[in-house]
Amino acid sequence: MSDKIGLFTGSFDPLTNGHLDLIQRASQLFDTLYVGVFVNPHKQGLFGSEQRKRLIEEALAEMPTVKVLVAQDELVVDVAQKIGARYLVRGLRNGLDLEYESSFDFYNRALAPKIETIYLLAKPEYKFVSSSQIRELLYFNQDISSYVPKNISKELMKNEKK
């Protein structure tokens, strides 16, 4: 019998407590869950890809079945096939997220029909937490510590003092 492998992807810039909750919940559904840090070279992020990977690995240190990878210039389904993942995990906060994710699912099914997408609903306390909102709060020098894991908050505070 083969392992059940899932892939949860995003830019995770920064990783939020909402992401962390989804990763914890998804990790219980699979023998191995990969967290794929997908890099858009056309966007300037808070952290570089390797720094994001390191910070996410630190935040997930208590989850031995979760592994972090970085991908650039690759389709999600191609990465999934490379690592043997038969499931893509996506988080939904609202109906807009469902509509957005459905468009990707349409093409993913055409490109890789054997890969299934699993949607997890955000818990109510994370429904409005998003990386883009965190970046906006940071721009206005607001405290984001209740929205991100402690190690990420510390790293962001360290960057602010520079």
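Where an unreviewed UniProt entry is consulted, the protein chain appears under the name Phosphopantetheine adenylyltransferase, with the organism given as Streptococcus azizii. Entered under Catalytic activity (unreviewed entry) in the UniProt record, the comment concerning the protein chain runs "(R)-4'-phosphopantetheine + ATP + H(+) = 3'-dephospho-CoA + diphosphate". Taken from UniProt, the Subunit (unreviewed entry) comment for the protein chain reads in full: "Homohexamer."

## Description of a nonpolar patch on the surface
A cluster of nonpolar residues, Leu75, Phe106, Tyr107 and Leu111, forms a patch on the protein surface that exposes about 470 Å² of accessible area. Locating Tyr107 in the fold gives a position in helix 4 (residues 95-111).

## Notes on the nonpolar core
Ile23, Leu33, Val35, Ile56 and Leu60 are the most contacted members of the largest nonpolar core, which totals 27 residues. When residues of this core are traced back to their parent elements, those giving at least two are helix 1 (17-27), strand 2 (32-39), helix 2 (49-59), strand 3 (66-72), helix 5 (131-139) and helix 6 (150-160). With four residues, the single largest contributor to this core is helix 1. Not counting the four nearest positions on each side in its chain, Leu60 is found in contact with Leu20, Ile23, Val35, Val66 and Val68. In this structure, Phe38, Leu69, Val77 and Ala80 belong to the second largest nonpolar core, which totals 13 residues.

## Section: the pairing of strand 2
Where burial is concerned, most of strand 2 is hidden: eight out of the eight residues are buried. Of the two faces of strand 2, the one carrying Thr32, Tyr34, Gly36 and Phe38 and the one carrying Leu33, Val35, Val37 and Val39 are both buried. Pairing of strand 1 (residues 5-10) with strand 2 involves six bridges; the strand directions are parallel. Within strand 2, the position partnered with Phe8 by the bridge is Val35. Viewed along the sheet, the connection from strand 1 through helix 1 into strand 2 turns out right-handed. Bridge analysis of strand 2 against strand 3 gives seven bridges, and the strand direction is parallel.

## Examining the pairing of strand 4 (residues 87-92)
Where burial is concerned, most of strand 4 is hidden: five out of the six residues are buried. One ladder, built from three bridges, connects strand 1 with strand 4; its direction is parallel. Directly across from Phe8, in strand 4, lies its bridge partner Val89. Alignment of strand 4 against strand 5 (residues 116-121), held across six bridges, turns out to be parallel. The residue of strand 5 that forms the bridge with Leu88 is Thr117. Between the parallel pair strand 4 and strand 5, the chain is carried across by helix 4, and the sense of this crossover is right-handed.

The rules behind the values
- Residue indices follow the written sequence of each chain, beginning from 1 at its first position.
- Note on the predicted model: pLDDT of at least 70 is required for a residue's local features to be given, and 80 or more for side-chain atom pairs to be given and counted; whole-chain, interface and lining totals, by contrast, use all residues.
- Note that water and hydrogens are dropped before the side-chain values are worked out from all heavy atoms of the structure.
- UniProt positions are given in the numbering used here, feature names are shortened, and annotations may be inferred rather than shown by experiment.
- Residues enter a patch when their relative accessible area is above 30% and they make no salt bridge; the linking distance is 9 Å between like charges and 5 Å between nonpolar side chains (Val, Leu, Ile, Met, Phe, Trp, Tyr).
- Per-residue and other accessible areas follow the Shrake-Rupley method at a 1.4 Å probe size, with only the shown protein chains counted as cover for residues.
- We define a salt bridge as a contact between a side-chain nitrogen of Lys or Arg and a carboxyl oxygen of Asp or Glu at a distance within 4 Å.
- A helix here means a DSSP run of H or I that spans at least four residues, while a strand means a run of E at least two residues long, and both kinds are numbered starting from the N terminus.
- Take the buried residues of types Ala, Val, Leu, Ile, Met, Phe, Trp, Tyr and Cys, join any two whose side-chain atoms come within 4.5 Å, and each joined set is a nonpolar core.
- In this scheme, a residue with accessible area under 20% of its type's maximum is buried, one over 50% is exposed, and one in between is partly exposed, where area comes from a 1.4 Å probe on protein chains only.
- Residue contacts are counted whenever heavy atoms from the two residues lie within 4.5 Å of one another.
- Strand pairing follows a simple DSSP-based rule, namely that at least 2 bridges must link the two strands.
- A crossover gets the label right-handed when its path from the first strand over the helix to the second runs clockwise, viewed with the strands pointing away from the viewer.

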